[in-house]
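Coordinate analysis (summary)
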Amino acid sequence: MLPPADAREREQPGPEPRAARVSQLDRVKQEYTQAAREILQRSMRGVAKTKLTPDMLTLAGVSLCLAGAVLVGFEERNEKLFFWLGGFLFVVGSVADILDGALARAASKGTVFGAFLDSTFDRLGEAAMLAAIGLVFMRDGNEIALVATFAAVIGSFLVSYTRAKAEALGLRADVGFGSRVERVVLISVGLFLAPWGLLQWPIYILAAMAWITVLQRMLFVRSNVASCAENLVAEA
């Protein structure tokens, strides 16, 4: 006996829904993020036996990022030297910010205040570099790129805030491809291309990606809240 027509229609494979595609992208990001964390944690096992603490790496990282931002501010004197040297310090400082978490996990030296300090200084180092880049655009009279830099700063802060607020409410909001690692890569690429007048393009991408991620996280949290409400109604 054939199943009813509506049942047959449900059984037929159709186009993959948009939500599923987003979920798969999120899953891919989680997988490579987890793999990177495991590699970093294994690489820090030797360092974990020393007196180096995660807070030391955090302070070193933000100091290097700030120094890189200052150097970018002097790009008028020698574009290649100051853009590339500032970018190098920013990359090294950002890597140190990533390694502090790996060291904390490998050595079991993590503290609540250390995690708070790390998150705060991450925002400081990134904002300082974007401020220096905005100064470059202001000198060049590139108002559109300057506005995009402001948008990138605000969007970057909101990317972090939406996740932190959601987690404070007991929800997940770590979706999207505008997290810190991707932002650091875009800023670094922009600084490398800056001597040829191409700095604004990675900043445009960064601003757009940050705001798209903010929207993704807002919609994701809204979906989670709706699902929780439906489950409560079903259990009642």
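Whatever comes next refers back to the structure up there.
As a starting point, this report considers the structure included with it. Here the residue index of a chain counts from 1 through its sequence in written order. Totals for whole chains, interfaces and linings use all residues, but because this is a predicted model, local features are given only for residues with pLDDT of at least 70 and pairs of side-chain atoms are given and counted only at 80 or more. With hydrogens and water excluded, all non-hydrogen atoms of the structure serve as input to the side-chain values.

Looking only at helices and strands, one finds 9 helices and 0 strands in the protein. Where helices and strands are cited, they refer to DSSP runs of H or I of at least four residues and of E of at least two residues respectively, numbered from the N terminus. Starting at the N terminus and ending at the C terminus, the protein contains elements arranged as α-α-α-α-α-α-α-α-α. Each residue gets one of three labels from its accessible area relative to the maximum for its type: buried under 20%, exposed over 50%, partly exposed in between, using a 1.4 Å probe on protein chains only. The buried share of the protein, reckoned over its 236 residues, is 39%. In what follows, residue pairs with any heavy atoms lying within 4.5 Å of each other are defined as contacts. Of all intrachain contacts in the protein linking residues separated by at least 6 positions in sequence, the fraction that spans at least 24 positions is 80%. Using a 1.4 Å probe, accessible areas were evaluated by the Shrake-Rupley method; residue-level cover was limited to the displayed protein chains. Of the roughly 14,000 Å² that the protein leaves accessible, carbon and sulfur atoms contribute 67%.

Any Lys or Arg side-chain nitrogen found within 4 Å of a carboxyl oxygen on Asp or Glu counts as a salt bridge. According to the stated counting rule, one finds 7 salt bridges in the structure shown. Residue Arg180 is joined to Glu126 by a salt bridge in which the shortest nitrogen-to-oxygen separation is 3.6 Å. Here Glu126 lies in helix 6 (residues 112-140) and Arg180 lies in helix 8 (residues 180-193), a separation of 54 residues in the sequence. The two residues Arg180 and Glu126 agree in class, both being buried. In this structure, Asp174 engages Arg172 in a salt bridge whose closest nitrogen and oxygen atoms are separated by 2.6 Å. Bridged by salt links that share partners, the residues Asp97, Asp122, Glu126, Arg180 and Arg183 form one connected network.

The subject of this paragraph is the nonpolar core. For the purposes of this section, nonpolar cores are sets of buried Ala, Val, Leu, Ile, Met, Phe, Trp, Tyr and Cys residues that join through side-chain atoms within 4.5 Å. Judged by nonpolar contacts, the single largest core of 27 residues is most densely connected at Met129, Leu130, Ile133, Ile187, Leu191 and Leu199. Of all the secondary structure elements, the ones that give two or more residues to this core are helix 4 (54-72), helix 5 (79-107), helix 6, helix 7 (143-168), helix 8 and helix 9 (200-235). Top contributing element to this core by residue count: helix 6, with 7 residues. With residues up to four places along the chain from it excluded, the contact list for Leu130 reads Thr149, Ala152, Val153, Ser156, Ile187, Ile203 and Leu206.

Any two packed helices are characterised by the angle at which their axes cross and by the distance between the axes. Close contact between helix 4 and helix 6 brings their axes to 8 Å; oriented N to C, the two are set at 5 degrees. The orientation of helix 4 relative to helix 6 falls into the category roughly parallel. Two secondary-structure elements touch here, helix 4 through Asp55, Thr58, Leu59, Val62, Cys65, Leu66, Gly68, Ala69 and Val72 and helix 6 through Gly114, Leu117, Asp118, Phe121, Leu124, Gly125, Ala128, Met129, Ala132 and Val136. All amino acids are sorted into three groups, where Ala, Val, Leu, Ile, Met, Phe, Trp, Tyr, Cys and Pro are nonpolar, Asp, Glu, Lys and Arg are charged, and the leftover types, Gly among them, are polar. A breakdown of the residues in the contact of helix 4 with helix 6 according to their chemical character gives 13 nonpolar, 4 polar and 2 charged. Only the stretch in contact is used when fitting a helix axis, every axis being a line fitted to C-alpha atoms; angles between N-to-C directions are given from 0 to 180 degrees. Roughly parallel means an angle under 35 degrees; roughly antiparallel, over 145; roughly perpendicular, 65 to 115; everything else is oblique.

Locating Glu75 in the fold gives a position in the loop between helix 4 and helix 5. For the purposes of these results, a polar contact is taken to be a pair of N or O atoms within 3.5 Å, where, inside protein, one atom must be able to donate a hydrogen and its partner to accept one; residues adjacent in sequence count only when each atom of the pair is a side-chain atom. Reaching out from Glu75, the side chain makes a polar contact with the side chain of Arg139 at a distance of 3.4 Å. Residues in contact with Glu75, not counting those within four places in the same chain, are Phe82, Phe83, Val136 and Arg139.

Aromatic rings from Phe, Tyr and Trp, taking only the six-membered ring of Trp, are treated as a pair when their centres fall within 6.5 Å; an angle between ring planes under 30 degrees marks them as stacked, one over 60 as edge-to-face, and anything in between as tilted. Evaluated as defined, the whole model comprises 6 aromatic pairs. Taking the centre distance of 6.4 Å and the plane angle of 45 degrees together, the rings of Phe74 and Phe82 count as tilted. On the accessibility criterion, Phe74 (38% relative accessible area) is partly exposed. Where Phe113 meets Phe116, the ring centres are 6.3 Å apart and the plane angle is 35 degrees; that geometry is what we call tilted.

Locating Leu215 in the fold gives a position in helix 9. Given the relative accessible area of 49%, Leu215 is considered partly exposed. Along the sequence, Leu215 and Gly176 sit 39 residues apart, while their C-alpha atoms lie 9.1 Å from each other.

Time to look at helix 6. Helical geometry: 3.6 residues make up each α-helical turn, so side chains three or four residues apart lie on a common side. For a helix, the expected span equals 1.5 Å multiplied by the residue count minus one. Spanning 29 residues, helix 6 covers 43 Å between terminal C-alpha atoms, matching the ideal 42 Å at 1.5 Å per step. Two residues or fewer after helix 6 comes Gly141, characterised by a positive phi angle close to 75 degrees.

For the rest of this paragraph, the subject is helix 7. Helix length check: helix 7 (26 residues) gives 37 Å between terminal C-alpha atoms against 38 Å at 1.5 Å per residue, within 8%. Turning to helix 7, its buried residues number three or more, namely Ala145, Leu146, Ala148, Thr149, Ala152, Val153, Gly155, Ser156, Val159, Ser160, Thr162 and Ala166. Two residues or fewer after helix 7 comes Gly170, characterised by a positive phi angle close to 85 degrees.

Here Ala207 lies in helix 9. According to the relative accessible area criterion, Ala207 is buried, its value standing at 8%.

Keep in mind these numbers describe shape, not what the thing actually does.
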